[in-house]
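Listed below, chain by chain, are the residues.
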Amino acid sequence: MPLLQVRDLCLTLPTRNGPIAVVEGLSFDIDEQDSLALVGESGCGKSLTALAIMGLLPPAISISAGSIQFRGRELVGCSDRQWRRFRGGAMAMVFQEPIASLNPVLRIATQIEEVLALHGDGDRRWRKRQAVSLLEQVGLPDPAALARAYPHELSGGMCQRVLLAMALAGEPDLLIADEPTTALDVTVQAQILDLLIEIRRQRGLAFLWISHDLGVVSRLCDRVAVMYAGKLVEQQPVQTLFGNPRHPYTRGLMAASPSLEQQALPTGIPGRVPAPEDFTAGCRFRDRCSQAMELCFEDPPAFPLESEDAWVRCFLMDTSATSAGEALSNGEEAK
Ligand SMILES: Nc1ncnc2c1ncn2[C@@H]1O[C@H](COP(=O)(O)OP(=O)(O)O)[C@@H](O)[C@H]1O
Ligand SMILES: [Mg+2]
């Protein structure tokens, strides 16, 4: 049984014109010590997916269908109290904005001790010692002094380390990280990544890693799921995805990603992700795809790829369809 199993998850936002699905039919598994990256441009539904798993969706958005099982236990339909037993404990999350994620009026130690009080079983003295020890484990200098500081006395990188210490306080099996380094300087970003790689190695944590940075993903994750406009379009192990991206969207993301080896400037994908109210049936990438066909007005099924648990939702994988298919003219490259 996987550690986390998400099946056919739909997240819905009510509007004047009726409910719209912001995330639709999402399915993936994360095993113990496994790491899955969820990648895609801004607005694809990555953060909402993470928040849904944590039971922290914004009030307007609800889970309208599907299942989220953690260690075989169904979370959809759980009360907030039941969800809290996992959240911050076996399942922890670090967010994109480290400074905004800390309580400005509480000392650092107090915030970590709160997590320890909820999920640990030691007394107050143990919690105090443990908080300092956690600050040390995330590589913060002079942890005893830092424990007494307030968040505004810390840099963004230090705050992210504190949040990581809080996440680790609950001894999680699954860490969900939503672009945890995006708001940080490049050098600090690299240090935090090294720390996360080390922590994962030591503790055997499973990761759900959300990012638009494919360079980071290639260092950190075993598998990649590509999300576009509320749906998953491709999933592959990290090596085969980088070696042989199959979905035109994945290929576009790679071409748009800067790399040191690559001399040429990255090329963007023309157009932008549609807003949820403009989601249509069929492949949602077709308007931006240079290889779109008439067939792309239908929903592409998941075509299995060579690796285990790897697939892509694109009719280009269906050789019988592409030879018979009629190309649409979305730009000069169209074949
Ligand atoms: N609180 C909210 N209320 C209404 N719509 C939202 C809310 N949060 C996100 N959305 C919409 O849901 C879509 C997906 O958002 P999000 O999960 O934040 O994307 P990502 O993390 O991939 O950038 C976006 O189009 C966004 O406009
Ligand atoms: Mg996001």
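The structure displayed is predicted, hence computed values, not measured ones. (Residues numbered from 1 in each chain as written. Chains lettered and ligands numbered in written order. Predicted model: local features only at pLDDT ≥ 70, side-chain atom pairs only at ≥ 80, totals over all residues. Heavy atoms only, no water.)

### Focus on the sheet that holds strand 8 (residues 206-211)
Then, in step 1: Ordered by their spatial adjacency, eight strands build an open sheet running 6-7-8-3-9-10-12-11, and the pairing between neighbours is mixed. Looking along the sheet, the strands with just one partner apiece sit at the ends: strand 6 (91-94) and strand 11 (303-304).
Then, in step 2: Sheet topology note: the strand 7 (residues 174-178)/strand 8 ladder contains five bridges and is parallel. The residue bridging Asp178 from the neighbouring strand is Ile210, located in strand 8.
Then, in step 3: Helix-sheet contacts for helix 1 (residues 46-54) involve strand 3 (35-39), strand 6, strand 7, strand 8 and strand 9 (223-228), and the interaxial angle to strand 6 is about 145°.
Then, in step 4: Helix 11 (residues 248-255) contacts strand 3, strand 9 and strand 10 (231-237) of the sheet and is inclined by roughly 105° relative to strand 9. (Pairing = 2+ DSSP bridges. Helix = DSSP H or I, 4+ residues; strand = E, 2+ residues; numbered from the N terminus. Contact = heavy atoms within 4.5 Å. Axes fitted to C-alpha atoms, helices over the stretch in contact; angles between N-to-C directions.)

### What to know about the pattern of salt bridges
Side-chain pairs of opposite charge can arise where the charged atoms are in close proximity.
Then, in step 1: Going through the model one piece at a time under the given rule, you end up with 15 salt bridges.
Then, in step 2: Asp80 is the salt-bridge partner of Arg84, the closest N and O atoms lying 3.0 Å from each other. Taken together, the residues Arg84 and Asp80, both in helix 2 (residues 80-84) and four residues apart, mark about one turn of the helix.
Then, in step 3: By relative accessible area, which is 40% here, Asp80 ends up partly exposed.
Then, in step 4: Between Asp80 and Arg87 there is a salt bridge, with the nearest N and O atoms lying 3.0 Å from each other. (Salt bridge = Lys/Arg side-chain N within 4 Å of Asp/Glu carboxyl O. Buried < 20%, exposed > 50% of the residue type's maximum accessible area, 1.4 Å probe, protein only.)

### A look at the site of ligand 1
Then, in step 1: Residues in close proximity to ligand 1 total 13 residues, the closest being Gly43, Gly45, Lys46, Ser47 and Leu48.
Then, in step 2: Separating an oxygen atom of ligand 1 from a side-chain N or O atom of Ser47 is a distance of 2.8 Å.
Then, in step 3: For ligand 1, whose unbound accessible area comes to 570 Å², protein coverage reaches 66%.
Then, in step 4: Sorting elements by how many residues they give to the shell around ligand 1 places helix 1 first, with three residues. (Near = heavy atom within 4 Å. Polar contact = N/O pair within 3.5 Å; in protein donor to acceptor, adjacent residues only side chain to side chain. Areas by Shrake-Rupley, 256 points an atom, 1.4 Å probe, with all protein chains shown as cover.)

Shape is all these values report; function is a separate question.
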